[in-house]
Amino acid sequence: MKKLNIGRCRKALLFIIFSFLFSPAEAQKFALIDMDYIFKNIPAYERANEQLNQVSKKWQAEVEALQIEAQTLYKNYQNEVVFLSQEQKKARQDAIVAKEKEAADLKKKYFGPEGELFKKRTALITPIHTEIYNAVKDIADLRGYQLVLDRASDQGIIFGSPKIDISNEVLSKLGYAN
């Protein structure tokens, strides 16, 4: 069996790495956007968020009202339990459980993963996201950008030159001049 020459392998590996690093390649073009900044400058997005906040507060109040009813039923039950027959106890316990379930079901209906708030958010926000995406894509195609990163959502970006930030250009393309 032949002995593997580790020094020779290292040299070959280094040669391969350096040939890829220093070979002539097309320069990659990148750009940054700040989605938070873009959203803050689109009135439709602000209006959609306000609508979502209002409906969310309304629905939360409905859920809390049912939860308070369940708590009241429970407190009354605790105060009167010594005076109740077995059938009355069972009926009161069932009523408490039913009210708690009603509150939980309503909360799930409004705020669950496929709930009303999710559907409303999708209906209001998705068209705005699509419009922004299309504007970014058009600018990227026009300028030859291979990659556009969102500086607002990517914690991995430590520094990005303002020269490559195209947020204002995106807003202009959408009709919101800054």
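Residues numbered from 1 in each chain as written. Predicted model: local features only at pLDDT ≥ 70, side-chain atom pairs only at ≥ 80, totals over all residues. Heavy atoms only, no water.

1. Remarks on the overall build of the protein chain
And then number 1: Helix and strand counts for the protein chain stand at six helices and two strands.
And then number 2: Listing every helix and strand of the protein chain by position from the N terminus yields α-β-α-α-α-α-β-α.
And then number 3: Counting all 178 residues of the protein chain, 23% fall into the buried class.
And then number 4: In the protein chain, once contacts between residues fewer than 6 apart in sequence are set aside, the share between residues at least 24 apart is 75%.
And then number 5: Accessible area for the protein chain stands at about 13300 Å²; split by element, carbon and sulfur atoms hold 58% of it. (Helix = DSSP H or I, 4+ residues; strand = E, 2+ residues; numbered from the N terminus. Buried < 20%, exposed > 50% of the residue type's maximum accessible area, 1.4 Å probe, protein only. Contact = heavy atoms within 4.5 Å. Areas by Shrake-Rupley, 256 points an atom, 1.4 Å probe, with all protein chains shown as cover.)

2. Some remarks on the packing of helix α3 (residues 43–80) against helix α5 (residues 116–143)
And then number 1: For the pair α3 and α5, interaxial distance at closest approach is 10 Å and the crossing angle is 175°. When the axis of α3 is compared with that of α5, the two are roughly antiparallel. Contacts from A44, Y45, A48, N49, Q51, L52, V55, S56 and W59 of α3 reach α5 at E116, L117, K120, R121, L124, I125 and I128.
And then number 2: Taken together, the residues of the contact of α3 with α5 break down into ten nonpolar, three polar and three charged. (Axes fitted to C-alpha atoms, helices over the stretch in contact; angles between N-to-C directions. Parallel < 35°, antiparallel > 145°, perpendicular 65-115°, else oblique. Nonpolar A, V, L, I, M, F, W, Y, C, P; charged D, E, K, R; others polar.)

3. Let's talk about helix α6 (residues 167–174)
And then number 1: Among the residues of α6, those classed as buried are S167, V170, L171 and L174. Axial view of α6: buried residues confined to an arc of 100°, hence all on one face.
And then number 2: Next to the buried residues of α6 lie β1 (30–33), α2 (35–40) and α5.
And then number 3: Positive phi shows up at G175, right after α6, with a value of about 95°. (Arc of directions from axis to C-beta.)

4. Overview of α3
And then number 1: An ideal rise of 1.5 Å per residue puts 56 Å on 38 residues; α3 measures up with 55 Å between its terminal C-alpha atoms.
And then number 2: Turning to α3, its buried residues are Y45, A48, L52, V55, W59, V63, L66, A70 and Y77.
And then number 3: Buried positions along α3 lie against α2, α4 (86–111) and α5. (Expected span 1.5 Å × (residues − 1).)

5. As for the environment of K29
And then number 1: Note on placement: K29 falls in the loop between α1 (6–21) and β1.
And then number 2: The spatial distance from the C-alpha of K29 to the C-alpha of I164 is 9.3 Å, given a sequence separation of 135 residues.
And then number 3: With sequence-adjacent residues up to four places away left out, K29 is seen in contact with R143, G144, Y145, Q146 and L147.
And then number 4: Within polar-contact distance, the side chain of K29 engages the backbone oxygen of R143 at 2.7 Å. (Polar contact = N/O pair within 3.5 Å; in protein donor to acceptor, adjacent residues only side chain to side chain.)

6. Quick look at the pattern of salt bridges
And then number 1: Counted according to the given criterion, the structure contains ten salt bridges.
And then number 2: Between K90 and D94 there is a salt bridge, and its shortest N-O distance comes to 3.1 Å. Separated by four residues within a single helix, K90 and D94 lie in helix α4, roughly one turn from each other.
And then number 3: Between K173 and D138 there is a salt bridge; the shortest N-O distance is 3.9 Å. Taken as a pair, K173 in helix α6 and D138 in helix α5 lie far apart in primary sequence, 35 residues in all.
And then number 4: The network of salt bridges with shared partners includes E69, K99 and E102. (Salt bridge = Lys/Arg side-chain N within 4 Å of Asp/Glu carboxyl O.)

7. Concerning the packing of aromatic side chains
And then number 1: Summed over all chains, the structure comprises three aromatic pairs.
And then number 2: Geometrically, the ring pair formed by W59 and Y110 is stacked, given 4.5 Å between the ring centres and 5° between the ring planes. Of this pair, W59 sits in helix α3 while Y110 sits in helix α4, placing them 51 residues apart in sequence. The same class applies to W59 as to Y110, namely buried.
And then number 3: Where Y110 meets F111, the ring centres are 6.3 Å apart and the plane angle is 80°; that geometry is what we call edge-to-face.
And then number 4: The class for F111 is partly exposed, based on a relative accessible area of 26%. (Phe/Tyr/Trp six-rings, centres within 6.5 Å; stacked < 30°, edge-to-face > 60°.)

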